[in-house]
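Architecture at a glance
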Amino acid sequence: MEDLETPQIITHIENNLNHSLFDCKWVPCSAKFVVIGSLPKGSGTIELFEINSGEAKKIKEIERPNSFKCGTFGASNDVERKLATGDFKGTLEIWDLEKSCQVYITKEHTDIINSIDGMGGNTMNCGAPEIVTGSRDGTVKVWDPRQRGKPVANMQPMKGETKRDCWTVAFGNSFSDTERIVMAGYDNGDLKMFDLRTMSLRWECNLKNGVCSVEFDRKDIPMNKIVATTLEGKFHVFDVRTQNPRKGFAQVLDNSSKSGTIWVARHLPQNRDLFVTCAGNGQVSLWKYQYPEQRVRTDDKGVASGVPGKLQRLQRMVISSQPINALDWNRDHTGLAIATAYDQCIRVLITTKLNLH
Amino acid sequence: MDKAFEIQKQVRDNVKTLETYLTDLQNWEAEMKRKEAALNGEFEQDLPPVRSKIKRDKPVVVSKKPEKRISSSDYQSWEKFDVDKACEEIDMAEVGPVSLDSKKSQAAKQEKLREEAQYEKERGNAFVRQDKLDEAISCYSRAIELVKDDAIYFANRGLCYLKKDSLHQAETDCSEAIRLDPTYVKAFQRRATARERLGSLRAASQDLNEVLKLEPHNLAAKRQLETIKIRMGTKGLKSKCSPSSTPTIENNPMIKPKPKLQPKIIELPDEPAKTELSPLDKWREGIGERITVITPVNKPPHLRSKRPLKSIAIQEIPLSELSPKRPATRMKIIEIENNLERGDTNNNDSNKTGDAEMVDNKGKGDSSPESVKLITDIRVNEKRDCVKNMTPPLTSVQFMAEWKYLKGNDAARSDYLSVIDPSKIPTIFENALESDVLSDVLRILHQYTDKFKEKTVSAYLRGLCTVKRFSALAMFLSSSDKQVLTNLLQHCKTAENASDDEIQDLKNKYEI
């Protein structure tokens, strides 16, 4: 009777907006979320919605001349709840949504900021509040909102190297004040792991297809797993607990679904072994990573290497006719998520029975 | 049937869970709103510092992606590829950026320390000027603590100790300074003074000889050496009469310990009593020689105890006893030999012997002052000798000192001039060229034109007229000087093939 435990994915609220949407984020400690997008005339919008008894009500809108691409609350604490955004021109802005004004603005990237992630805002003892941005100009920059104008770290290709479009960035391994890792995925399939403590490249590999999304299962623990999704419907799960000096990390690849580009993968905040992937055909899939019996194996020379686990698909559901480009789980309520898609709809999704897994 | 029931149950179940979920959601919404309303207020957080601030002296370069190979078809990149730099980088990598970095920071630290020490030294100098010696000493000590390898700080502290009559400390400081900088004349002089006052006359005279080696015309050192020699002479005489055993020929300090040892060895079997008086042994050893003359001592200790008061004078005896058999003259020879030593190495042997003869003459001349002419001759010779060994001056002060010293010996002066690089003239003189010196120089240039063949007279003339404020000097050239100049220019034209333009230019400069 395992069917009884199968989670359901239900679209709770669907709201059609009349413009392109690129990103959506829950406002921490609230039933509100922001939707980031651009109007047909090319200007950018940040819209603030509130869920109110089965309806999403728009309560605020900010319009700016440049289209926004991505946003995060990660570097802000739960009281101030400042939104950091990246736009098509390469500008990083931090917004005070209460006052609808910027508190930080810098334009160090020369091209669109594709991806942004924040860390350290509200969790104690996991490092400085920092924002990482990845841009089409080939650079990945790390920012501290307390330092104006200049990034605190900058990862860029060497001179003479071709600049690859950085599509996705993510923080992780931030279990102390010093440790922190930035993952960056590029359009050529490169996946790079930068160690911010030693300011060095810790590991890299090529996934053959452009990396659309990368995420740690948890940001504030010693790094455990990474999900990296690519074009062509494939995604990789790396066990990053054990790094073998020769083989790197153990990984499991899923290419079972012929669903087109997997745009995004997001781990459930309440259960790090569950994650959802959003595909180009408008399908969301819920996955469970099953650990092997032994996560680490030591070879005859005593060198440890990781052992990949297995992936189990719990549920899938087509919820949109167009690719779903962003999804965000609610931190405070299990199973509640928002998703934006290229059909210009914002959806509040409910996933039930997640607590059973 | 079972299946249908199952599906039905499942659907119902799902709807039920959804319903509960939705009511949960509604409750959550309300709760969230309440929570959010309560959220205003300050949120204090103890945040770690901004990364760039902590990472400031991290060795690893941030802005580098890992090295990627330039693909063989990427010709543009290869064109830009700097092979030397890449090689250098590889070399550097072996050293490691860490060590490089630390080296750099260490150098910076050193620099800082040096600055601080310099500051302390300045303070110390100020204190010396105010005659606050103790403060000055503490300043120098701090400077030494900061920078341990600067001779100046030691020498300055030595001077302070000297002024304070802490002679031993002064001596050790000066020795340290000399160890650090073996050409530090002041340190030698100070140590000589300290040693002289400590009574180590021979050591003092050695120091002074060293000074004269470095600065042959140091009058103060010469005078001091004279007085020391006189003192040594008297001492030597005194001591000569006491120990009969001292070999008369011995001037060599190497043999110094021997006479000391001999009596000791003899004494020991002679005086078994000595072993009992172990604390006094040292004293006795020190005065051993005198004791051999005065004693077979078997005095009880309390009787002897009065004598050590004079023992300091006795300690000197071994030194003075070594003082020369032929006191004053012999020392002279040493001095001049030193002069020779200072000379350039390409003096061949025959030359040297000749010099030595002259030196001997000189020594005699000094002792018999009636042969003035001889002396002057020798002095001239000596001067010429000096000139040969002369190094070109770096400052006008050096030049003037030498120039004055060579007064009345135009040949030597011309030699001296010829060692000077004409292009350096402006930097040597800066703005300290005086009209009488200029006219002297011109005269000598004119007189000994053949000595300047190599560097050409015209070069000298050009060098001189580029000295600062030369136009003012040119105005004060006397008619005779101008006559000399015209002759010189004529020489330039004929012998050195100087171009007409050049001559005209010089004429303008010298206002002829």
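Residues numbered from 1 in each chain as written. Chains lettered and ligands numbered in written order. Predicted model: local features only at pLDDT ≥ 70, side-chain atom pairs only at ≥ 80, totals over all residues. Heavy atoms only, no water.

As named in an unreviewed UniProt entry, chain B is RNA polymerase II-associated protein 3, taken from Galleria mellonella. A UniProt comment under Sequence similarities (unreviewed entry) is attached to chain B, and it reads "Belongs to the RPAP3 family." (UniProt positions renumbered as here; feature names shortened; annotations may be inferred.)

As annotated in an unreviewed UniProt entry, chain A is Dynein axonemal assembly factor 10 from Galleria mellonella.

A tally of helices and strands in chain A yields 0 helices and 30 strands. Looking at chain A alone, contacts between residues at least 24 apart form 50% of all its contacts between residues at least 6 apart. Counting only carbon and sulfur atoms, one obtains 45% of the accessible surface of chain A, whose full area is about 13300 Å². (Helix = DSSP H or I, 4+ residues; strand = E, 2+ residues; numbered from the N terminus. Contact = heavy atoms within 4.5 Å. Areas by Shrake-Rupley, 256 points an atom, 1.4 Å probe, with all protein chains shown as cover.)

Further remarks concern the sheet that holds strand 15 (residues 181-186) of chain A. Within a sheet, adjacent strands bond to each other through the backbone by hydrogen bonds, running parallel or antiparallel. Residues and elements named next belong to chain A. The strand order across the open sheet formed by 4 strands is 14-15-16-17, and the pairing between neighbours is antiparallel. Both outer strands of the open sheet, strand 14 (166-172) and strand 17 (200-206), are each paired with one neighbouring strand and no more. Here the average twist between neighbouring strands, direction ignored, is 15°. With 5 bridges connecting them, strand 15 and strand 16 (residues 190-195) associate as antiparallel partners. Counted as the bridge partner of Gly-185 is Leu-191 from strand 16. (Pairing = 2+ DSSP bridges. Axes fitted to C-alpha atoms, helices over the stretch in contact; angles between N-to-C directions.)

Attention now moves to the nonpolar core. Residue and element names in this part refer to chain B. With 41 residues, the main nonpolar core has Phe-399, Leu-417, Leu-442, Leu-445, Leu-461, Leu-464 and Tyr-510 as its most contacted residues. Within the residue set of this core, elements represented by two or more residues are helix 22 (396-405), helix 23 (410-419), helix 24 (425-429), helix 25 (435-447), helix 26 (457-465), helix 27 (470-475), helix 28 (479-495) and helix 29 (500-509). Excluding residues within four positions of it along the chain, Leu-464 makes contact with Ile-425, Leu-433, Leu-438, Val-441, Leu-442, Leu-445, Phe-470 and Tyr-510. (Core = buried A, V, L, I, M, F, W, Y, C linked by side-chain atoms within 4.5 Å. Buried < 20%, exposed > 50% of the residue type's maximum accessible area, 1.4 Å probe, protein only.)

A few words on the interface of chain B and chain A. Listed by partner, the interface residues are 40 residues for chain B and 65 residues for chain A. With both chains or domains summed, chain B and chain A bury close to 4600 Å², and 60% of this area falls on carbon and sulfur atoms. Put simply, chain B and chain A have 2 salt bridges between them. A salt bridge links Glu-36 of chain B to Arg-81 of chain A; its shortest N-O distance comes to 3.2 Å. Where chain B meets chain A, there are 10 residue pairs in polar contact (both at pLDDT 80 or more). Secondary-structure elements contributing two or more residues to the side of chain B that touches chain A are helix 1 (2-37) and helix 2 (51-54) of chain B. Among the elements that make up the side of chain B that touches chain A, the one with the highest residue count is helix 1 of chain B (17 residues). (Buried area = accessible area lost by both parts, 1.4 Å probe. Salt bridge = Lys/Arg side-chain N within 4 Å of Asp/Glu carboxyl O. Polar contact = N/O pair within 3.5 Å; in protein donor to acceptor, adjacent residues only side chain to side chain.)

Right, let's talk about the pattern of salt bridges for a bit. This structure, assessed with the given rule, holds 45 salt bridges over all chains. With its nearest N and O atoms 3.8 Å apart, the salt bridge here joins Lys-82 of chain A to Glu-80 of chain A. Classification of Glu-80 of chain A as partly exposed rests on a relative accessible area of 41%. Put simply, Asp-144 of chain A and Arg-146 of chain A hold a salt bridge, and the shortest N to O gap is 2.9 Å. The exposure class of Asp-144 of chain A is buried, given its relative accessible area of 0%. With relative accessibility at 37%, the residue Arg-146 of chain A sits in the partly exposed group. Overlapping salt bridges, with partners in common, bring together Glu-171, Arg-191, Arg-195 and Asp-207 of chain B in one network.

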